[in-house]
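Spelled out, the chains give:
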Amino acid sequence: MKVRTKTGETVDLWYPRSVLVGKTVSTEQLSTRVAQESTVSPPDVLAVLKALSGCMGDYMSMGRSVKLDGIGSFYYSASAAGNGAASEEDCSANAINGVLVRFLPETKLQRTPGSGRTRHAVRPLIHHDVEWIDVATIVTEPTDDGE
């Protein structure tokens, strides 16, 4: 990948990146797992999850953000790519050509005992046991469909 330095010179650099492994977890799989960790049945969890997107969309379309405790906040932002105006007077909502859903993961401040800092940011959605490995070390297992 070509990267431009502060001096304007171009250098080739390699950067690590995350790679998704396995199939996407479905809403049904998620509802089954949530049911196992709560007192709610899988069909009830599934019904709530399916209703959640419509409810969130309604609130966000009213210009509000939606905060899910332990997860984060969702909100709409407008995209006006390629439709910039030369002056404030010429800028209008007609220039908007798309709507994006934005997400900010929840961050909590916790006290750090025994360190020089009194508080540090913690993101509950980010699991503390995430392990990064080289892709070359991943052994793929056959899928249910024989691939």
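My aim in this report is to walk through the structure given alongside it, one point at a time. All values reported here derive from a predicted model rather than from experimental measurement.

The rules behind these values
- Residues numbered from 1 in each chain as written.
- Predicted model: local features only at pLDDT ≥ 70, side-chain atom pairs only at ≥ 80, totals over all residues.
- Heavy atoms only, no water.
- Helix = DSSP H or I, 4+ residues; strand = E, 2+ residues; numbered from the N terminus.
- Buried < 20%, exposed > 50% of the residue type's maximum accessible area, 1.4 Å probe, protein only.
- Contact = heavy atoms within 4.5 Å.
- Areas by Shrake-Rupley, 256 points an atom, 1.4 Å probe, with all protein chains shown as cover.
- Pairing = 2+ DSSP bridges.
- Axes fitted to C-alpha atoms, helices over the stretch in contact; angles between N-to-C directions.
- Phe/Tyr/Trp six-rings, centres within 6.5 Å; stacked < 30°, edge-to-face > 60°.
- Salt bridge = Lys/Arg side-chain N within 4 Å of Asp/Glu carboxyl O.
- 1 Å grid on protein atoms, 1.4 Å probe; cavity = no way out; pocket = protein on both sides within 12 Å on 5 of 7 lines; lining within 4 Å.
- Points joined across faces, edges and corners; volume = space filled by probe spheres on them.
- Nonpolar A, V, L, I, M, F, W, Y, C, P; charged D, E, K, R; others polar.

Moving on, we come to the overall build of the protein. The helix and strand tally for the protein stands at two helices and seven strands. Counting from the amino terminus, the protein carries its helices and strands in the arrangement β-β-α-α-β-β-β-β-β. Within the span of the protein, comprising 147 residues, buried residues form 10% of the whole. The long-range fraction of contacts in the protein, counting pairs at least 24 apart against all pairs at least 6 apart in sequence, stands at 26%. As displayed, the protein has an accessible area near 12,900 Å², and 55% of this comes from carbon and sulfur atoms.

The strand order across the open sheet formed by three strands is β3-β4-β5, and the pairing between neighbours is antiparallel. Edge positions in the sheet fall to β3 (66-68) and β5 (98-105), since each of these pairs with one other strand and no more. Going from strand to strand, the sheet's axes swing by 30° on average, the running direction of each strand aside. The pairing of strand β4 (residues 72-79) with β5 spans eight bridges and is antiparallel. Bridging across to β5, Ser-77 finds its partner in Leu-100.

Time to look at the packing of aromatic side chains. One pass over the structure, following the stated rule, counts one aromatic pair. Ring plane angle 40° and centroid distance 4.8 Å describe the contact between Phe-74 and Phe-103, whose orientation is recorded as tilted. Of the two residues, Phe-74 is situated in strand β4 and Phe-103 in strand β5; the sequence distance between them amounts to 29 residues. Judged by relative accessible area, Phe-103 falls into the partly exposed class, the value being 34%.

Moving on, we get to the pattern of salt bridges. Using the criterion set out here, one finds three salt bridges in the structure. With its nearest N and O atoms 2.5 Å apart, the salt bridge here joins Arg-33 to Glu-37. Put simply, Glu-106 and Lys-67 hold a salt bridge, and the shortest N to O gap is 2.9 Å. Taken together, the residues span a long stretch of sequence, with Glu-106 in the loop between β5 and β6 (108-111) and Lys-67 in strand β3 at a distance of 39 residues. Accessibility expressed as a relative area gives 8% for Glu-106, which makes it buried. Here Lys-67 falls in the partly exposed class, since its relative accessible area comes to 46%. A network of salt bridges, in which partner residues are shared, links Lys-67, Asp-69 and Glu-106.

Considering only enclosed or pocket space, the largest pocket measures out at about 670 Å³ in volume. Forming the boundary of the largest pocket are 17 residues, of which Ser-18, Val-19, Leu-20, Val-21 and Trp-132 lie nearest the centre. Here the lining of the largest pocket is composed, by residue class, of ten nonpolar, three polar and four charged. Approximately 290 Å³ is the volume found for the second largest pocket. Together, Leu-30, Val-34, Val-48, Leu-49, Leu-52, Leu-68, Ile-71, Phe-74, Phe-103 and Leu-125 line the second largest pocket.

Note that every value here comes from positions in space, so none of it alone points to a role or purpose.
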